[in-house]
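Take a look at the letters that make up each chain.
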Amino acid sequence: MHHVLDMPIDEAQVRALKVGDTVTLRKTLFGIRDATLIHMFDRERRTHLDLAGHAVIHTAPNVHRVPVSAEAPVGYAPFCIGTTTSMRMERFTDALMRREGVRLIVGKGGMGPKTLEAFTEQGGAYLAIVGGAAALETTWIERIEDIDLDDLHPESLWKFAIHDFGPLLVGMDSHGGSLFAEVQRDVASRRDAVIESLGASR
C-alpha cells in the first residue's frame, strides 16, 4: 500500500504503516545527524524547532551560503542532500521520540532492536531510501526554511520544505516488523546451510 503523508502526522497515521508499504512525504522534513543528537541528548541542548509528529532524515547536507530571500529565508540553499547510514544513531531513537515527538526516521541501512522497541511502544516507523540517491533526493527539497544548532554545521538541525519526498520503503514499523531483521535471519540461515554442506563446524 502507498501512503501520502502531509507532515506532521499523528500516532494513528504512523501505526497504519506496515513493513513493505511505500510512503511519500509532503510539506516538512528535518535533517539530523550524529553531532546534532549528541548535543541534543548527551549535552541537553534544546531546539526552538518543533519536531512533534514529524520525520527526520539522517543527513549532513551540502549547502550553499546565499543572501537571505523568500527562497532562502535563513541564508542557505540546498546543493546536495544525501542520506547517511542510520545504525550508529540507534541509541538516540527512544529519546528523540519521547522528548521531541518524532514519528518517522528516514535513512539507509536500517536500525536495530532498540529502535524497533521504541517504534512499537510509542508509534514510529523507519523509512528506507536507496543509498547513492542524493541527487534525486535534493530535487524533492524546495528550500531550507529554518536551522538550529548551526555551530555544528553541517550537522546542524535543518528544517526542509519538501514536495513529494519519495517513494520511501517502510523498513520497520510499529508492529514489530523489520525487513532488516528478516534479512539478517535469512543470511544466518543460508550461512549455516553452507557451513553444514561443507562438513565444517562453526
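Residues numbered from 1 in each chain as written. Predicted model: local features only at pLDDT ≥ 70, side-chain atom pairs only at ≥ 80, totals over all residues. Heavy atoms only, no water.

**Q** I tried to follow unusual backbone geometry on my own but got confused; where do I start?
**A** Among all residues save glycine, negative phi is the norm, and among peptide bonds the norm is trans. The residue after Met 7, namely Pro 8, is reached through a cis peptide bond having omega 5°. Following the sequence through the fold, Pro 8 ends up in the loop between β1 (2–6) and α1 (11–15). Of note, the phi angle at Leu 149 is positive, near 55°, even though the residue is not glycine. Relative to the helices and strands, Leu 149 is located in the loop between β8 (141–148) and β9 (157–172). We classify Leu 149 as buried; its relative accessible area is 5%. Located in the positive-phi region is Asp 164, a residue other than glycine, with phi close to 45°. With a relative accessible area of 35%, Asp 164 lands in the partly exposed category. (Helix = DSSP H or I, 4+ residues; strand = E, 2+ residues; numbered from the N terminus. Buried < 20%, exposed > 50% of the residue type's maximum accessible area, 1.4 Å probe, protein only.)

**Q** Where do I start with the pattern of salt bridges in this structure?
**A** When the charged atoms of two side chains with opposite charge come close together, those side chains can pair. Scanning the model with the defined rule gives 13 salt bridges in all. Arg 98 serves as the salt-bridge partner of Asp 94, at 3.0 Å between the closest nitrogen and oxygen. Note that Asp 94 and Arg 98 are positioned in helix α3 (residues 93–100) at a spacing of 4 residues, about one turn of the helix. Asp 94 sits in the partly exposed class, given a relative accessible area of 30%. One salt bridge connects Arg 99 with Glu 100, and the closest N-O pair in it is separated by 2.9 Å. Residue Arg 99 is classed as partly exposed on the basis of its relative accessible area, which comes to 25%. Relative accessible area serves as the criterion here: at 11%, Glu 100 is assigned to the buried category. Residues joined by salt bridges that share partners form a network here, namely Glu 142, Arg 143, Glu 145 and Lys 159. (Salt bridge = Lys/Arg side-chain N within 4 Å of Asp/Glu carboxyl O.)

**Q** Explain the packing of helix α2 (residues 34–42) against α3 to me, please; I cannot follow it from the model alone.
**A** Angle between the axes and distance between the axes: these two values describe a pair of packed helices. Their axes nearest at 11 Å, the elements α2 and α3 cross at an angle of 60°. What the angle tells us is that α2 and α3 run oblique. At the point where α2 passes α3, the crossing takes the left-handed sense. Contact with α2, carried on its side by Leu 37, Met 40 and Phe 41, involves Ala 95, Leu 96, Arg 99 and Glu 100 of α3 and no other residues of that element. Split into classes, the residues belonging to the contact of α2 with α3 amount to 5 nonpolar, no polar and 2 charged. (Axes fitted to C-alpha atoms, helices over the stretch in contact; angles between N-to-C directions. Parallel < 35°, antiparallel > 145°, perpendicular 65-115°, else oblique. Left-handed = near helix turned anticlockwise from the far one by under 90°. Contact = heavy atoms within 4.5 Å. Nonpolar A, V, L, I, M, F, W, Y, C, P; charged D, E, K, R; others polar.)

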